[in-house]
Amino acid sequence: VKMDAQIANVKFDGLFINASGVHCQLNNDLDELQANTFVAGTVTKSATLASRPGNPRPRYVDLAHGSINSMGLPNQGFDYYLNYALTRPSKPVILSVAGLSVAENLKMLTQIQESSFDGLTELNLSCPNVIGKPQLAYDFQATEEILTAVFSFFKKPLGVKLPPYFDLVHFDQMAAILNKFPLSHVNSINSIGNGLWVDPVTESVVIKPKNGFGGVGGAYILPTALANVRAFRMRLNPAIKLIGTGGVTTGADVFAHLLCGADIIAVGTQLQVEGPLVFERLTNELAAIMDEKNYQDIAELRGKLKTL
Ligand SMILES: CC(C)(C)CCc1c(C(=O)O)[nH]c(=O)[nH]c1=O
């Protein structure tokens, strides 16, 4: 089954990448995915300029049907990932950046612009905004301002990683802003922010940071992920490709993301739980579904979700 896609000048020989944050903090993690036949590309852990230890543990917990995390952006620092992207990849590397301020984001993007990196960059808009304001992606004016500033100097392919939206007017408003810019792609969704898991045995939260509040991933978020991929596919300029992230645990979930319009599929929680073998399983399960339905090429079904 033909399963490749292209974003800007970057060809992906296959469908699957990791979700940023999972199996991508260290060179060895990234190398293991790069060497995996069923992985088409890798995304780096969102970088800040300086390396960060991240939040106190426990900061990630697997749950019955997903995960909760408040990692706190643990990463090796921007230079580490730029160097990885410049020296080692056999497959595409998407550089993810999440500065703790607009200025820090502009600094990292300037370094990418001035480097010989010719792959995809992804600005994580879940990064924090000024105190007292919601994350950038939930502050539409701030989003437009930072993208205007970025595109005044950044001429390489750039996508954005978005948190989920839950109001149809928010889809309209965000898509209207994103369509103003020559984005290579939108990666939707990030974890559902500030969920809370309670352990009835201990009568306690399960992660230490933020009094137990954290981003939720895994099967719990599939309906929200599918809605966001579909909503943005319906609203965004066709030139803006979509990376579908969120809730993929089976080939049927992959098939659903493709029907909603995803060009590339990212796997996070299930990669964390199952390890890199997950990509072969998802590939085989998707191929079985496509064979059964007599599809030869994903292009035949991508974005073709039916309504009743
Ligand atoms: C949530 C932030 C710490 C602002 C960004 C990094 C991030 C984290 C993280 O490092 O805690 N976890 C997620 O599920 N998504 C993210 O985008």
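Just so we're clear, the structure is a prediction, and the values are computed from it rather than from any experiment. (Residues numbered from 1 in each chain as written. Predicted model: local features only at pLDDT ≥ 70, side-chain atom pairs only at ≥ 80, totals over all residues. Heavy atoms only, no water.)

(A) Local environment of the environment of alanine 149. When you line up the elements, alanine 149 lands in helix H4 (residues 140-151). Residue alanine 149 is classed as partly exposed on the basis of its relative accessible area, which comes to 27%. Expressed as a C-alpha distance, the spacing of alanine 149 and lysine 304, which sit 155 residues apart in the sequence, is 35 Å. (Helix = DSSP H or I, 4+ residues; strand = E, 2+ residues; numbered from the N terminus. Buried < 20%, exposed > 50% of the residue type's maximum accessible area, 1.4 Å probe, protein only.)

(B) Just the site of the ligand, in detail. As a structural note, the neighbourhood of the ligand is formed by Lys45, Asn69, Ser70, Met71, Gly72, Leu73, Pro74, Asn124, Ser126, Pro128, Asn190 and Ser191. A distance of 2.8 Å separates an oxygen atom of the ligand from a polar side-chain atom of lysine 45. Between the ligand and asparagine 124 there is a distance of 2.9 Å, counted from an oxygen atom to a side-chain nitrogen or oxygen. Contact with the protein chains hides 76% of the accessible area of the ligand, taken as 390 Å² for the molecule alone. Grouping the amino acids of the shell around the ligand by side-chain chemistry returns 4 nonpolar, 7 polar and 1 charged. (Near = heavy atom within 4 Å. Polar contact = N/O pair within 3.5 Å; in protein donor to acceptor, adjacent residues only side chain to side chain. Areas by Shrake-Rupley, 256 points an atom, 1.4 Å probe, with all protein chains shown as cover. Nonpolar A, V, L, I, M, F, W, Y, C, P; charged D, E, K, R; others polar.)

(C) Layout of the confidence of the model for the protein. Of the residues in the protein, 99% have a pLDDT of 70 or more, and the chain-wide mean is 97. At the level of individual helices and strands, the protein shows its lowest average pLDDT in strand S1 (residues 5-7), which scores 95, and its highest in helix H6 (residues 222-235), which scores 99. Our summary of model confidence lists the complex with pTM equal to 0.98 and ipTM equal to 0.99. (pLDDT = per-residue confidence, 0-100.)

(D) Structural view of helix H3 (residues 102-114). Here H3 is 13 residues long and its end C-alpha atoms lie 18 Å apart, about the 18 Å a rise of 1.5 Å per residue gives. The set of residues buried in H3 consists of Glu104, Asn105, Met108, Leu109 and Ile112. Along the axis of H3, the buried positions cluster into a sector of 130 degrees, meaning they face one direction only. Exposed and oriented more than 90 degrees from the buried face of H3 are Ala103, Lys107 and Glu114. Looking at the buried residues of H3, the elements they touch are helix H2 (78-87), strand S7 (93-97), strand S8 (120-124), H4 and strand S9 (158-162). (Expected span 1.5 Å × (residues − 1). Arc of directions from axis to C-beta. Contact = heavy atoms within 4.5 Å.)

(E) Representation of the packing of H4 against helix H5 (residues 168-178) in the model. Relative orientation of the contacting elements H4 and H5 amounts to 15 degrees, with a least axis distance of 10 Å. Between H4 and H5, the crossing angle belongs to the class labelled roughly parallel. The handedness of the crossing between H4 and H5 comes out as right-handed. Side by side, H4 and H5 meet where Phe140, Thr143, Glu144 and Leu147 of the first sit next to His170, Gln173, Met174, Ile177 and Leu178 of the second. The residue makeup of the contact of H4 with H5, split by class, is 5 nonpolar, 3 polar and 1 charged. (Axes fitted to C-alpha atoms, helices over the stretch in contact; angles between N-to-C directions. Parallel < 35°, antiparallel > 145°, perpendicular 65-115°, else oblique. Left-handed = near helix turned anticlockwise from the far one by under 90°.)

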